[in-house]
Amino acid sequence: MLGALSPRARNAQVELYQTGEVDYMVATDAIGMGLNMDLDHVAFARISKFDGQSPRRLTAPEVAQIAGRAGRYMRDGSFGTLPEVGALDQDLVEAIETHRFDPIETIHWRSAKLDFRTLDGLLRSLDAPPPHPALKRKRDAEDHLTLQAMAKLPEVRQITTTSPRLKLLWDVCQIPDFRKSMAEAHVRLLQQIYGHLTARGGKLPDSWVKAQIVRLDRTDGEIDQLSTRIAYIRTWTYISHRPEWLQSAAEWQEMTRGIEDRLSDALHEKLTQRFVDRRGAFLIKRLDGNETLLAGVTAEGGVVVEGHPVGRLDGFIFSPDEDAVGLEAKRLLTAARRSLSLEINRRAALIATAGDEDFSLTADGAILWHYPVAKPVPLARLAPGPRWGQPAIDLLPSDLLEGEARSRVFRPADALGSRPSRHQPGADPSPARCRTDGGGARPRLRTRRSGRQPRPRRRDDCGGKAHESRP
């Protein structure tokens, strides 16, 4: 990944990335959460975060967690920042490199000895001070805040008269608010649940549960609406796993899981659509200028331009992202032409120095280039030549292979038809045996011409292949 290194080191990394020698680029904070990856360099696009209360800078241990064990696994490497972020503070860098961090002086604590005799007693036990100076009482627990809100409701206080009901109230307050908003709507929902559970029967009515869940089974709307429904249905998924609260817990579990799956699929489609739109807008802005686009090709053939996946490169054939159509596909092709010239020239040079063992011929006349070795890609096809046994070779059409690079591929391809040495299953082990005139000339190269009429063909005894018939 590119970082705030010296100009020489940065230019070297840019060149490696443009020539496809960098296997992948990571643009996520997932490695900071424990996803170990085999990286050479970790670059920070931002050195601040929102901690739930306010934005703040990352601490030295947090930077070390991302740049060190989490991102590096067991590999030594480097870390830095993207150019627009600026250089890291030298004291911070030294602390990370020498593993010198300030000691942890306090940890969060909450009392486990809860008083379930009265509602006020329960609140006081949650507010109890820690027994040691190194312990710091946690004040923002969601269930504690919910209990404080519920305790202010006269209806709740009126029915919370026994220890079992107080324990039930505490259980209800632990129903998570997946919207993380602590809105009045969540408190009202918990109040209704608590009311049903303390009524005769002690169960949530099926009709009421169904009315709450069915209204969430909609996949229309925008991203924020779908996200809100997913948050609500996850709350009901949690409730459905409290079998003592429901008549048919298994049925509700299946229903909530199905709704969440449908909403998640719809949200994925919306996010994909937004991503494609942003990618298109970004490429339009960059293509209008004359600056060089930073691009690379992954080991699997994926093409990435300025951090955006735009398609695949198989051999010399570029295929735009399958989600792109019309103008979007043309824009991706333009971006590939602008950014993949180094990679195309590099592959053309590999073709020029390749040996016979790097190619194979299939039964239907396709010539495969074994790059990478594990996944050969189509390069050309055998075509009728001037005489029997002297096939021509048609390179497959490519929007990227032009000029000097194309001529470098033509020259080594000239010898493929006469002496291939590796064959796919079912291929003729020696195409040269099909010649009937005893000729040994190399096949003639030609390009496809639109509008050209094919000559009549006849079949001969060379494996049933069709050849041109000349008068």
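Above this text is the structure in question.
Cut-offs used in this document
- Residues numbered from 1 in each chain as written.
- Predicted model: local features only at pLDDT ≥ 70, side-chain atom pairs only at ≥ 80, totals over all residues.
- Heavy atoms only, no water.
- Axes fitted to C-alpha atoms, helices over the stretch in contact; angles between N-to-C directions.
- Helix = DSSP H or I, 4+ residues; strand = E, 2+ residues; numbered from the N terminus.
- Parallel < 35°, antiparallel > 145°, perpendicular 65-115°, else oblique.
- Left-handed = near helix turned anticlockwise from the far one by under 90°.
- Contact = heavy atoms within 4.5 Å.
- Nonpolar A, V, L, I, M, F, W, Y, C, P; charged D, E, K, R; others polar.
- Buried < 20%, exposed > 50% of the residue type's maximum accessible area, 1.4 Å probe, protein only.
- Polar contact = N/O pair within 3.5 Å; in protein donor to acceptor, adjacent residues only side chain to side chain.
- Core = buried A, V, L, I, M, F, W, Y, C linked by side-chain atoms within 4.5 Å.
- Pairing = 2+ DSSP bridges.
- 1 Å grid on protein atoms, 1.4 Å probe; cavity = no way out; pocket = protein on both sides within 12 Å on 5 of 7 lines; lining within 4 Å.
- Points joined across faces, edges and corners; volume = space filled by probe spheres on them.
- Expected span 1.5 Å × (residues − 1).
- Arc of directions from axis to C-beta.
- Salt bridge = Lys/Arg side-chain N within 4 Å of Asp/Glu carboxyl O.

Is there a simple way to explain the packing of helix H4 (residues 119–126) against helix H5 (residues 142–151) in this structure?
When two helices pack together, their arrangement is given by the angle between the helix axes and by the axis-to-axis distance. Interaxial distance between H4 and H5 falls to 11 Å at its minimum, and their mutual angle equals 150 degrees. Here H4 is positioned roughly antiparallel relative to H5, judged by the angle of their axes. Both H4 and H5 take part in a crossing whose hand is left-handed. Facing H4, whose interface residues are Leu119, Leu122, Leu123 and Leu126, H5 presents His144, Leu147, Gln148 and Ala151. Of the residues assigned to the contact of H4 with H5, the class counts are six nonpolar, two polar and no charged.

Looking at this model, I keep getting lost on the side chain of Glu343. Mind explaining?
When you line up the elements, Glu343 lands in helix H13 (residues 341–352). Judged by relative accessible area, which is 1%, Glu343 ranks as buried. Polar contacts involving the side chain of Glu343 include one to the side chain of Arg346, which spans 3.1 Å. In this structure the side chain of Glu343 is engaged in a polar contact, spanning 2.7 Å, whose partner is the side chain of Arg347.

Quick question: what am I supposed to make of the nonpolar core here?
Burial of nonpolar side chains together is a common tendency in soluble globular proteins. By size, the foremost hydrophobic cluster in this structure holds 41 residues, and its most contacted members are Leu147, Leu169, Val172, Ile193, Leu204 and Trp236. Setting aside anything within four residues of it in sequence, one finds Leu169 in contact with Leu119, Leu147, Met150, Val156, Thr160 and Tyr194. Of all hydrophobic cores here, the second largest spans 28 residues; its members include Val303, Phe316, Leu333 and Val409.

Can you help me understand the environment of Asn345 in this one?
With respect to the element layout, Asn345 can be found in helix H13. Those residues in contact with Asn345 that lie beyond four places of it in its chain are Ala405 and Arg408.

Can you help me understand the side chain of Arg229 in this one?
As for its placement among the helices and strands, Arg229 is situated in helix H10 (residues 223–240). Non-local contacts of Arg229, meaning those with residues more than four positions away in its chain, are made with Leu216, Arg218, Thr219, Asp220 and Leu263.

It is not clear to me how the pairing of strand S10 (residues 317–320) should be interpreted in this structure. Could you clarify?
Successive side chains on a regular strand alternate, one facing one side of the sheet and the next facing the other. Of the pairings in the sheet, the one linking strand S9 (residues 308–314) to S10 comprises four bridges and is antiparallel in character. Residue Asp314 lies in a different strand from S10, and its bridge partner there is Ile317.

Would you mind showing me how to read empty space enclosed by the protein here?
Space left empty within the atom packing is revealed by a probe, the size of a water molecule, rolled over the atoms. Within the structure shown, the criterion is met by three cavities of 30 Å³ or more. By volume, the second largest cavity is sized at about 60 Å³. In terms of lining residues, the second largest cavity is bounded by Asp314, Phe316, Ile317, Pro378, Leu379, Leu395, Leu396, Ser398, Leu401 and Val409. For the lining of the second largest cavity, the class distribution of residues is eight nonpolar, one polar and one charged.

What is the right way to read H13 from this model?
Given 3.6 residues per helical turn, the α-helix brings residues three or four places apart onto the same face. Here H13 is twelve residues long and its end C-alpha atoms lie 16 Å apart, about the 16 Å a rise of 1.5 Å per residue gives. Every buried residue belonging to H13 is among Glu343, Ile344, Arg347, Ala348 and Ile351, and all of these are buried. One side of H13 carries all its buried residues, which in axial view fall inside an arc of 135 degrees.

What is the right way to read the packing of H5 against helix H7 (residues 163–173) from this model?
Interaxial distance between H5 and H7 falls to 8 Å at its minimum, and their mutual angle equals 125 degrees. One element, H5, and the other, H7, form an angle in the oblique class. Where H5 crosses over H7, the two elements pack in a sense that is right-handed. Side by side, H5 and H7 meet where Asp143, His144, Thr146, Leu147 and Met150 of the first sit next to Leu169, Trp170 and Cys173 of the second. The class makeup of the residues in the contact of H5 with H7 is five nonpolar, two polar and one charged.

Got a minute to help me understand unusual backbone geometry in this structure?
Trans is the common state for peptide bonds, and a negative phi is the common state for residues other than glycine. Of note, His99 is a non-glycine position whose phi angle comes to about 55 degrees, a positive value. Along the chain, the position of His99 falls in the loop between helix H3 (90–97) and strand S5 (107–109).

How do you make sense of the sheet that holds strand S8 (residues 302–305) when you look at a structure like this?
Backbone hydrogen bonds are what pair the strands of a sheet, in a parallel or an antiparallel way. Read from one edge to the other, the open sheet built from four strands follows the order S7-S8-S9-S10, with strand pairing classed as antiparallel. Edge positions in the open sheet fall to strand S7 (295–297) and S10, since each of these has one partner strand only. Put simply, the sheet's adjacent strands are angled 30 degrees from each other on average, direction ignored. Packed onto the sheet, H13 meets S7 and S9 and runs at close to 20 degrees relative to S9.

Please explain the pattern of salt bridges as it appears in this structure.
Oppositely charged side chains may form a pair once their charged atoms are brought near each other. Applying the stated criterion across every chain yields a total of 16 salt bridges. Across the pair Glu62 and Arg56 runs a salt bridge, and its minimum N-O distance is 2.7 Å. The salt bridge partner of Asp220 is Arg218, with a shortest N-O separation of 2.7 Å. With a relative accessible area of 39%, Asp220 lands in the partly exposed category. Using a relative accessible area of 41% as the deciding quantity, one classes Arg218 as partly exposed. Residues joined by salt bridges that share partners form a network here, namely Asp171, Arg242 and Glu244.

The analysis is restricted to geometry; functional conclusions fall outside its scope.
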